[in-house]
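Structural characterization, general
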Amino acid sequence: MSHPSAQQSDPTAPHFAPATPVTPLSQFVLKLTSRCDLACDHCYVYEHPDQSWQRQPRVMAPTTVEAAALRIAEHAAAHRLALVRVILHGGEPLLAGADRLDATAGTLRRVIGPVTRLDLRMQSNGVLLTQAICDVLVAHDVKVGISLDGGRAANDRHRRYANGASSHDRVLRALSLLRRPANRASYAGILCTVDLANDPIQVYEALLAEEPPRIDFLLPHANWDRPPHRPDGAATPYADWLLAIYRRWSADGRPVPIRLLESLLATAAGGATGTEAVGLGPADLVVIETDGTFEQVDSLKSAFHGAAATGLDIFRHRVDDAAVHPGIAVRQSGLAGLCATCQACPVVRRCGGGLFPHRYQSGSGFDNPSVYCTDLAELVRSTAAPHRQVPARRADVLSPAVLDDLGAGQGSAESLRQLASVHAGVVRALVVALSPAAAGDPLAADGWDLLVELDLAAPGAVRAVLGHPFVRHWAQRCRAGAADELPHLASIAAAAAVHAGADAELAVPVRDGAIHLPTLGAIAVSAAGDQARLSISDGAFEVQVAGRRVRVRPDLPEKPDGWQPVWQACPAGRPVLLEDTDPYRDCYDLPVESRLGAAVAARWRAQVEEAVSWIDTEAAGYAGGIHTLLRAVVPLRPDPTGRSRSAAARCAFGAVAIAPVADAEALAVLLVHEVQHLKLDAVLDVCDLFDRADPRTVRVPWRADPRPVEGALHGVYAHLAVADLWRRRSAPAAAGHFRRYRDWTAGAAEELLGLGVLTEDGQRFVQRIRATMDGWP
């Protein structure tokens, strides 16, 4: 493919209709300014081959803004577009000033708003952001993304003024303005360009510290004529850099959406990409330059001078004309628009050939794989199993120091936080992996759409519901083939909407005559059939019950007829659910109790609070695990023989199931015992402590039958804590109990160490357990 020449139009010629079918465009980059106040040396506008910015007006004229708005509205009306996105860009758009920004946004809203929904955005370096400009952004609902490459050293490596001065402080000031409650609605996120010279984890932590709603990472613009820097001997340095962040982000529970990584996970699950950088989704975007000319995606300026030109403009041509321009149409053609090499590649549907400008090479044009081909392939391979989320390599998630800390039995606050984050990432990945199947179920599809919206608008509410212990059990059952349980996704989304105080209308499944909302409770309904419709607003929901509309506000004490709120205990002011309504709590080998009466629930509440208080006082080293990991207690039916019964399950992380006990002290011991199982479950989610393919079993002192290695390991870890509790007590029988549990633990640990089935990390973990016991007086 040769360089496309600029197509010049006769100014006296009438408008022509496209001869080929038009695939409509929904994203418009409006170049409000053509100059910038920084001199970033990696900028494709000023530092790459295309220098057409020099002939552009410095600021887009109001008449050009009006003409652009009319063209966009015309296109949206003709194609009945439900939404268009307009991104104010540059140069640096803040150079236009508050008044020009106000007028531009006002024009766009006035002209486009009556035709379609307008998503108005801006990309900026942030250095000129003021409260006056924030007021304009908020007034016109303009969401702004800020460019930041990390901490001071990382950011100033490229993003400097022409005189070499740092821009970092001014960018941080802009981000602090956007974090203010009055401005937060206009904070879209942070854009970061990858630089191998910067430490990826330090960059990730610096970006996370700015509390962005979203992060996006960009590979530096390069092509086969101007290849990216690659350190000697590094086959996939850019993938390695991004995967370091991917593993840390996964371990943290994906606290913020990262567009590139989420797109890789979505395509792995059969979903759609959210970025042109990967996947085969159409790139339905056109640029309108400061003088009103239509251009292709402006990152093409990194290829050659004139690469983005179309020869079209808003005064003489419609958007339809731009949409059929070969350079724009090819980016909407999916697989057919890729070179033969890419079309034959087994990962093409996830990779998508990479970003279009990165394929350029003199002589063959863009008919090539990406210059980042090997890196993209590695990214695809390493994110190929979204249900796993985190590779089973301990060094990527849990450091030796964390394993040593947990092996000691108790675990520091930081280690426990990491375990909770790991589990959050696993659950989120399980739910994401269900999205393709959800698309085939009406209730689940609506629930998924709502959950995606809430994840952007109220991520804390989504985290609160996905963190409910039994969401994982539900997701794993769906993944195992229980397609009839997919509609519960609508109930999960509804619960998140209630937590968020959002407005929503959706149908949810009715199970055994009731609607079940995770973390909130259940309500008996009179709906005929297997679903009922909820109206959600202001932290409450309405539903039809016995022929009348009932409004439930879960955070208020009033209990309308049929409403069964989840009982709660509040040890040390932190809520722990007494879960007796969730239909997915039946994940133990022991029978769970049905709905508790008020008096029984009050006894459970008092006993849980007293038990945790006892742990805080008498076993403070284990209190962190209780406060960080315990989300719910599931009452079990009393054992007919009167024995104490308790259980934990990896598929219900955060919950422990316990049968009634005599007193709070006995309950405290069981809580510590079962939370040890939760800790080890979280470790095993991301760390291979033993060879799972090895069928050998272990003889343990506390059971007559041989135990699988995982069962023996769990027993050792739980009994370590119980022995430690008895060691600290002065009751007459304490010494005997201590010796029994210590000997059990020590004997099983020796069996495990001598069996030859533990991995290097497993050996380290069990040796730390043994060292802990050796240190006891």
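Above: the structure in question.
A short tour of the structure in this document, coming up. Quantities reported herein were computed from a predicted structural model and do not represent experimental measurements. (Residues numbered from 1 in each chain as written. Predicted model: local features only at pLDDT ≥ 70, side-chain atom pairs only at ≥ 80, totals over all residues. Heavy atoms only, no water.)

Across the two faces of strand 21 (residues 655-658) the burial is the same, with Ala655 and Ala657 and Val656 and Ile658 all buried. As paired elements, strand 19 (residues 632-635) and strand 21 share four bridges and run parallel to each other. Within the sheet, the bridge partner assigned to Val633 lies in strand 21 and is Val656. Here two bridges tie strand 20 (residues 646-647) to strand 21, and the two strands are oriented antiparallel to one another. (Buried < 20%, exposed > 50% of the residue type's maximum accessible area, 1.4 Å probe, protein only. Helix = DSSP H or I, 4+ residues; strand = E, 2+ residues; numbered from the N terminus. Pairing = 2+ DSSP bridges.)

Counted at 1.5 Å a residue, the expected span for helix 24 (residues 664-686) with its 23 residues is 33 Å, and the 34 Å between its end C-alpha atoms agrees. For helix 24, a buried count of 21 out of 23 residues is recorded, marking the element as mostly surrounded by other parts of the structure. Between the side-chain oxygen of the N-cap and the backbone nitrogen of Glu665 there are 3.2 Å, and the N-cap of helix 24 in question is Asp663. (Expected span 1.5 Å × (residues − 1). Polar contact = N/O pair within 3.5 Å; in protein donor to acceptor, adjacent residues only side chain to side chain.)

Counted by the stated rule, this structure contains 45 salt bridges. Notably, a salt bridge pairs Arg316 with Asp313, separated by 2.5 Å at the nearest N-O pair. By relative accessible area, Asp313 is classed as buried at 8%. For Asp639, the salt bridge is made with Arg645, and the minimal N-O distance between the two is 3.0 Å. The class of Arg645 is partly exposed, set by a relative accessible area of 27%. A single network of salt bridges, built from pairs that share partners, joins Asp50, Glu289, Glu295 and Lys301. (Salt bridge = Lys/Arg side-chain N within 4 Å of Asp/Glu carboxyl O.)

Looking now at unusual backbone geometry. Here the residue pair Gly90 and Gly91 is connected by a cis peptide bond, since its omega of 15° sits within 30 degrees of zero. Of note, Gly91 is situated in the loop between strand 2 (83-89) and helix 2 (97-112). Within the chain, Asp512 stands out as a residue other than glycine whose phi angle is a positive 55°. Along the chain, Asp512 turns up in the loop between strand 10 (504-509) and strand 11 (514-517). The backbone of Asp538 shows a phi angle near 50°, a positive value even though the residue is not glycine. Owing to a relative accessible area of 52%, Asp538 belongs among the exposed residues under this scheme.

Okay, the sheet that holds strand 16 (residues 563-565) next. The strand order 11-12-16 describes an open sheet built from three strands, whose pairing is antiparallel. Only two strands of the sheet have a single neighbouring strand rather than two, namely strand 11 and strand 16. The mean inter-strand angle of the sheet, taken between neighbouring strand axes irrespective of direction, is 15°. Sheet analysis places strand 12 (residues 521-524) next to strand 16, joined by three bridges and oriented antiparallel. (Axes fitted to C-alpha atoms, helices over the stretch in contact; angles between N-to-C directions.)

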